Amino acid sequence: DVLTFSSNAELARRLGAFHDVLDVDSSTFAALAATLARRIGGICTGRYDIVIDMEFFSNFATLLAALTRAPLRAGYYLQRSFRESIFNRIVPYNPARHITDVYAALGRSIGVAASKEDGLALRAEPEDRRRLEAHLARRGVARGEPLFVLNVASSGLCDERRWPSERFAWLHDRLHERGRERLVYVGTRGERDMVEETRRLCRLPAGANLAGETDLGMLIARLERSALVITNDSGPAHLADAVGTPT
């Protein structure tokens, strides 16, 4: 099982890696309190053998791990916290390492090695691909036309991970001069202005701003269809890796 916020639930279900997705609705305080109380009741009686806390900084997640009473409990070390009294497998959090390596360290702490051959893969549904092609056609992209995706945003938690907009614009112009691929920008609705900032810096006609125009299924389909994803360290980078598209 995986316990996560409702905003992550669809992706967790699409991965097909979990027996159950226990989502917590944080849209309002009342919804948060109600769903969290229900989930706490479930994890207290769930009879779990292993619990892995993938949260770096929140001690609340550590408390939830303790409530499971699982014999094996793994999590990250956090200075000046009580985590050492909860976890019996504790791993240092190293922000200098790629996030996949950081998470893989938790797996190794319980004797599980990460592998690309584990059989898990993220794929778009046929309906996602159909809706994507219809959407791209409305934006002038022909079926089968080579596509490069640019993602200029980061998660917002760590802006130093953002490549400067002027560099994205410079790279856009170099790729446009080649004339081999159609360039499009992706992002959330709240990132449209960030995309526009980059597009204004382009000397050559800028690729279409598709930020906020697709849901998760269509985004996965777009990343699948792309020949290359040029991205900051953010969600689309990990989704592209999951579907096997070069970044």
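Right, let's walk through the structure included here. (Residues numbered from 1 in each chain as written. Predicted model: local features only at pLDDT ≥ 70, side-chain atom pairs only at ≥ 80, totals over all residues. Heavy atoms only, no water.)

1. Quick look at the environment of Asp173
Of note, Asp173 is situated in helix α7 (residues 165-178). Residue classification places Asp173 among the buried residues on the basis of a relative accessible area of 3%. If sequence neighbours within four positions are ignored, Asp173 has contacts with Cys202, Arg203 and Leu204. One polar contact links the side chain of Asp173 to the main-chain amide nitrogen of Leu204, over a distance of 3.2 Å. (Helix = DSSP H or I, 4+ residues; strand = E, 2+ residues; numbered from the N terminus. Buried < 20%, exposed > 50% of the residue type's maximum accessible area, 1.4 Å probe, protein only. Contact = heavy atoms within 4.5 Å. Polar contact = N/O pair within 3.5 Å; in protein donor to acceptor, adjacent residues only side chain to side chain.)

2. Quick look at the sheet that holds strand β3 (residues 50-52)
Reading across the sheet, the three strands line up as β3-β4-β5 and stay open at both edges, with parallel pairing between neighbours. On the outer flanks of this sheet lie β3 and β5 (89-92), each paired with one strand and no other. Averaged over neighbouring strand pairs, the angle between their axes works out to 20° when direction is ignored. For β3 and strand β4 (residues 72-77), the ladder comprises three bridges, and the chain directions are parallel. Note that in β4 the partner of Ile50 across the bridge is Leu72. (Pairing = 2+ DSSP bridges. Axes fitted to C-alpha atoms, helices over the stretch in contact; angles between N-to-C directions.)

3. Notes on the nonpolar core
Proteins that are soluble and globular tend to have nonpolar side chains buried together. Judged by nonpolar contacts, the single largest core of 19 residues is most densely connected at Leu136, Val149 and Leu223. For this core, the element with the highest residue contribution is helix α9 (residues 216-225), accounting for four residues. Look past the residues within four positions of Val149 in its chain and what remains in contact with it is Val184, Val186, Arg222, Leu223, Ser226, Leu228, Val229 and Ile230. (Core = buried A, V, L, I, M, F, W, Y, C linked by side-chain atoms within 4.5 Å.)

Treat this as a map of the structure, not an account of what it does.
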